[in-house]
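# Inside the fold
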Amino acid sequence: GPLEEMSIPLFFAWFLLSSVQDKVGSTSLDFLKTLQTLEAFKKHMSDFKAEKEVDLEQYFEAKGVLHCTTKFCNYGKAEGAQEYAQKQAVKDFYGSTSELSLSALFVTPRTVGARVSLTEEQLLLWPADAEKEAESVPAAASLPLGSRAHITLGCAEGVEPVQTGLDLLEILALQQEGQQGELVEEMALGSLTFYGKGRWLLSLREPICAPACFSGYYT
Ligand code: 2AM
């Protein structure tokens with residue numbers, strides 16, 4: 001009945017604890033600030049549909065509390081939502097805290113995000129079809145489970161956050177096809193690679209460890 005349907009959230013996710021929200025947010029801002037000063041970035045600025053300078057801090061809007069979505073449920077209306085909410089692992093881990101490993105930061109003309117490298121245990125909460133559901137990135141279906149895991153750090157005007165995971169899959173699909181990208185620079189945080197069409201990936205030298213609570217988001 002309607003009451004049961006109501007108990008399924010808008011989405012399930014790991015929510016970063018407040019102590020690391022600020023840390024991750026400021027690392028992201030530092031990255032954007034540095035990126036836009038690089039000559040290599042300026043050379044490809046037109047990918048961002050900007051005539052002259054683009055201020056990436058203004059270009060991307062933050063999207064509220066930082067989290068790594070496991071399953072978008074739309075209150076039970078999304079495909080597979082009911083099944084997901086019923087999973088034993090979802091019940092077992094609901095409300096528990098674990099450490100997310102942020103292994104890379106990426107920027108595209110649409111989104112900025114952090115790649116999350118999931119542990120075996122965290123993969124128990126990952127939907128089997130998350131990568132296959134990315135219809136705009138057909139090659140994603142053959143990427144390892146959990147490849148789409150990410151934290152949306154910001155979106156360009158008019159872009160929905162669902163785009164962040166698709167942008168990440170696009171980059172990972174290129175890597176899988178053997179496109180190494182263009183190694184642009186060794187930055188303090190790690191190595192920066194350009195994949196064309198405004199796609200930049202910073203592989204972090206030291207992954208950021210972010211404690212997060214697995215829960216549902218309702219409002
Ligand atoms: P995100 O995980 O990239 O940030 C509410 O919209 C949340 O659910 C956002 O965090 C959003 O993207 C995610 N989301 C929205 N639609 C989705 C979809 N179809 N598949 C996966 N995640 C989705």
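Chains are numbered independently. Their residues run from 1 in the order of the written sequence. Whole-chain, interface and lining totals are the exception, using all residues; otherwise, since this is a predicted model, local features are given only for residues with pLDDT of at least 70 and side-chain atom pairs are given and counted only at 80 or more. The basis for every side-chain value is the complete set of non-hydrogen atoms in the structure, without hydrogens or water.

### Structural notes on the confidence of the model for the protein chain
- Each residue carries a pLDDT score, the predictor's own confidence in it, on a scale running from 0 to 100. Mean pLDDT over the protein chain works out to 94, with 96% of the residues at or above the 70 mark.
- ipTM for the predicted complex: 0.98, alongside a pTM of 0.96.

### Digging into the packing of aromatic side chains
- Aromatic rings from Phe, Tyr and Trp, taking only the six-membered ring of Trp, are treated as a pair when their centres fall within 6.5 Å; an angle between ring planes under 30 degrees marks them as stacked, one over 60 as edge-to-face, and anything in between as tilted. Enumeration over the complete set of coordinates arrives at 13 aromatic pairs.
- Look at Phe12 and Tyr94: their rings are 6.3 Å apart centre to centre, the planes differ by 85°, and that puts the pair in the edge-to-face class. Of the two residues, Phe12 sits in strand β1 (residues 11-16) while Tyr94 sits in the loop between α6 (88-93) and β4 (97-107), which places them 82 residues apart along the sequence.
- The class for Tyr94 is partly exposed, based on a relative accessible area of 36%. Strands are runs of DSSP state E lasting at least 2 residues, helices are runs of H or I lasting at least 4, and numbering of each runs from the N terminus. Think of it in three bands: with a 1.4 Å probe and only protein chains considered, a residue is buried below 20% of the maximum accessible area for its type, exposed above 50%, and partly exposed in between.

### Quick word on the pairing of β4
- Within β4, 8 of the 11 residues are buried, leaving the element largely enclosed by the surrounding structure.
- Between any two strands, pairing holds if DSSP finds at least two bridges. The pairing of β4 with strand β9 (residues 200-217) spans 10 bridges and is classified as antiparallel. Bridged to Glu99 within β9 is Pro211.
- In the sheet, β4 pairs with strand β5 (residues 111-117) via 6 bridges, with the strands oriented antiparallel. In the strand pairing of β5, Val107 is matched with Val112.
- Between β4 and the antiparallel strand that follows it, β5, lie 3 residues.

### With respect to the nonpolar core
- Put simply, a nonpolar core is a bunch of buried Ala, Val, Leu, Ile, Met, Phe, Trp, Tyr and Cys residues held in one set by side-chain atoms that sit within 4.5 Å of each other. Counting residues in hydrophobic clusters, the biggest one holds 53 residues, and the most contacted among them are Leu100, Ile151 and Trp200.
- Ranked by the residues each element gives to this core, the list is headed by β9, at 7 residues.
- Not counting the four nearest positions on each side in its chain, Leu100 is found in contact with Trp14, Leu16, Cys68, Val116, Leu118, Gln122, Ile151, Ile208, Cys209, Ala210 and Ala212. Note on contacts: a residue pair is in contact if any heavy atoms of the two residues lie within 4.5 Å.

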